[in-house]
Amino acid sequence: MKNWQIKLSLYLNYFVFAMLLNSVGILIQKSINTYHVDELSASSLEAFKDLSIAFVSFLVGSFLPRLGYKRGMLISLALVFIGCLQMYFGNSFTSVRILFACVGISFAVVKVSVYSLVGLLVNNDKEHKGFISSIESFFMIGIAVAFVGFPLFYSETDPNAWLRVYLVVATLIGLSFLFLLFSDFKRLNYEIPGTNLGDDFKQMIGLLKRPLVSVFAIAAFMYVMTEQGIMSWLPTFNEKVLHLPEKLSVFMAVILMLSIAGGRYLSSILIKKVYWLILLLACLIGAALMVITVLPQTSNLEIKEINSLTDVPVIAYVFPLIGFFLAPIYPLVNSIVLSATEKVFHSPMASLLVFFSAIGGTLGSRLVGYLFKNIGGEKAFYFALIPMAILAICLFILNNIQKKTNKTIEFDTTGGH
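Every value quoted in this text rests on a predicted model; they were computed, and no experiment measured them. (Residues numbered from 1 in each chain as written. Predicted model: local features only at pLDDT ≥ 70, side-chain atom pairs only at ≥ 80, totals over all residues. Heavy atoms only, no water.)

**Student:** What am I meant to see in helix α2 (residues 24-33) here?
**Tutor:** Counting buried positions along α2 gives nine out of ten residues, so the element sits mostly inside the fold. Of the residues making up α2, those classed as buried are V24, G25, I26, L27, I28, Q29, K30, S31 and I32. (Buried < 20%, exposed > 50% of the residue type's maximum accessible area, 1.4 Å probe, protein only. Helix = DSSP H or I, 4+ residues; strand = E, 2+ residues; numbered from the N terminus.)

Put into structure tokens, the structure is as follows:
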């Protein structure tokens, strides 16, 4: 069994979860329009998703090596398969909440597994950064497919037609389950952190004492707060602020997903030639300029009938390009921390990475939901400048810590430690 087959299995899992996990922006809009909940209540969907991710990832990181990464991912796929079916038959805001709880629980296991396995599949630090960036790029392709695919099921005559998308997604999950089932993970040998489960958990908590991890926790929190806040509310922003029809507002949001995918793919190439701090600071400056220069164009925007793509305001095409600048930050910062961690601790470390990311995503979406309701969608996205500034400071600190410790991890080609 070649490593590329295992990598393909990880890509497929990531793709399936990308479609569901980040359809939260679509479901926020649907919950407001179809189930008639307000913006703040709709933003709770992010909490059902991300708090599930946070809780499970915090517990599962030390346990997964004992359970087995393959077995854990198979269980996750089965759970989210059930979640899709209950969404189709339930058709209520409660069903949406249950769906995202299932997705959050399952994705926590899958992401910790993927991040833990990367170190066993690559040979050096540059390959690690490249693989993390490429798989996160593929993740964004999955999100883009969701933003294109969901509206295809919308119908003006049948208000429930959009639910059929979950039958299609359930089919894809079944196919992913079978591919993973017949993939051979036996040649990937990995160590278990402690002598028992309690010891494993203590080892994970002990990682928090490392300065690199503490700073990363803040950086991940700030980044995901920014990205998820924009991603989850962009369809609603397009509809409420730019006055696009519901279906078109979702279609236009795909520009954000594609720009993030493109940015991550490009960064997987550039990181081999450009020092990571310079690359990421340039990205933050670009993202901040997008907020400062583009968002003011929403003021006094002329309301007109949208009959074709040529009628869509230019800002609907331009603002989502902020994803191109945000894209490289998350995977590269994750790779920096994982590469500086012994392989035996990659699973508990990945658990902590996912935990802090999930908390940031929850608060980011809730905050934007609050701002949408109280100050209006025109001003809500300006909040992103604050976490961007804090993130820039974190990058400088991470760079100084990395230089002081000068810690490098030996990668081998056998998959062992």
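So that's the structure; there's more coming.
**Student:** Please explain the pattern of salt bridges as it appears in this structure.
**Tutor:** Pairing is possible between side chains that carry opposite charge, provided their charged atoms lie close to one another. A complete count under the given rule lists two salt bridges for this structure. Here D158 ties to R164 by a salt bridge, and the two come within 3.2 Å at their closest N and O atoms. On the accessibility criterion, D158 (26% relative accessible area) is partly exposed. For R264, the salt bridge identified is with E227, shortest N-O distance 3.1 Å. In this pair, R264 is assigned in helix α12 (residues 246-270) and E227 in helix α11 (residues 211-240), connecting sequence segments 37 residues apart. Pair check on accessibility: R264 and E227 agree, each one buried. (Salt bridge = Lys/Arg side-chain N within 4 Å of Asp/Glu carboxyl O.)

**Student:** Teacher, can you tell me more about the packing of aromatic side chains here?
**Tutor:** For any pair of aromatic rings, the description rests on two quantities: the centre-to-centre distance and the angle between the ring planes. On inspection of all chains with the given rule, the structure shows eleven aromatic pairs. Pairing W162 with Y166 gives two aromatic rings, centres 6.3 Å apart and planes at 70°, and the pair type is edge-to-face. For the residue pair W162 and Y166, the accessibility class agrees, reading buried in each case. Put simply, the rings of Y14, F17, F107 and F139 pair up and form one aromatic cluster. The ring of Y154 has K30 lying over it, and the distance from NZ or CZ to the ring centre is 4.2 Å. (Phe/Tyr/Trp six-rings, centres within 6.5 Å; stacked < 30°, edge-to-face > 60°. Lys NZ or Arg CZ within 6 Å of the ring centre and 35° of its normal.)

**Student:** When you look at unusual backbone geometry in this model, what are you seeing that I'm missing?
**Tutor:** Apart from glycine, the bulk of residues carry a negative phi angle, and the bulk of peptide bonds sit in the trans form. You will see that H36, though not glycine, has its phi angle at about 60°, which is positive. With respect to the helices, strands and loops of the structure, H36 is situated in the loop between α2 and α3 (39-42).

**Student:** Just checking my understanding: could you explain the environment of F150 for this structure?
**Tutor:** Residue placement: F150 occurs in helix α8 (residues 125-152). Each residue touching F150, except ones within four places of it in the same chain, is listed here: M19, S23, I26, L27, V165 and Y166. (Contact = heavy atoms within 4.5 Å.)

**Student:** I would appreciate a short explanation of the state of the cysteines in the present structure.
**Tutor:** Disulfides are covalent bonds that connect the sulfur atoms of two cysteines. In the structure shown here, the tally under the stated rule is zero disulfides. Unpaired in terms of disulfides, C102 finds its nearest cysteine sulfur in C84, a separation of 8.8 Å. The class for C102 is buried, based on a relative accessible area of 12%. (Disulfide = S-S within 2.5 Å.)

**Student:** Can you help me understand the packing of helix α6 (residues 69-90) against helix α9 (residues 165-181) in this one?
**Tutor:** It is the contact of α6 with α9, at a shortest axis distance of 9 Å, that shows an interaxial angle of 165°. For the element pair α6 / α9, the angle class is roughly antiparallel. Classified by chirality, the crossing of α9 by α6 is left-handed. Residue-level inspection shows K70, M73, L74, L77, A78, V80, F81, C84, L85, M87 and Y88 of α6 in contact with α9, the latter providing Y166, L167, V169, A170, I173, S176, F177, L180 and L181. Residues that form the contact of α6 with α9 fall into these classes: 18 nonpolar, one polar and one charged. (Axes fitted to C-alpha atoms, helices over the stretch in contact; angles between N-to-C directions. Parallel < 35°, antiparallel > 145°, perpendicular 65-115°, else oblique. Left-handed = near helix turned anticlockwise from the far one by under 90°. Nonpolar A, V, L, I, M, F, W, Y, C, P; charged D, E, K, R; others polar.)

**Student:** When you look at α6 in this model, what are you seeing that I'm missing?
**Tutor:** End to end, α6 covers 31 Å across 22 residues, agreeing with the expected 32 Å (1.5 Å per residue, within 8%). Along α6, the residues classified as buried are Y69, G72, M73, L74, S76, L77, V80, G83, C84 and M87. Directly after α6, the chain includes N91, whose backbone phi takes a positive value near 50°. (Expected span 1.5 Å × (residues − 1).)

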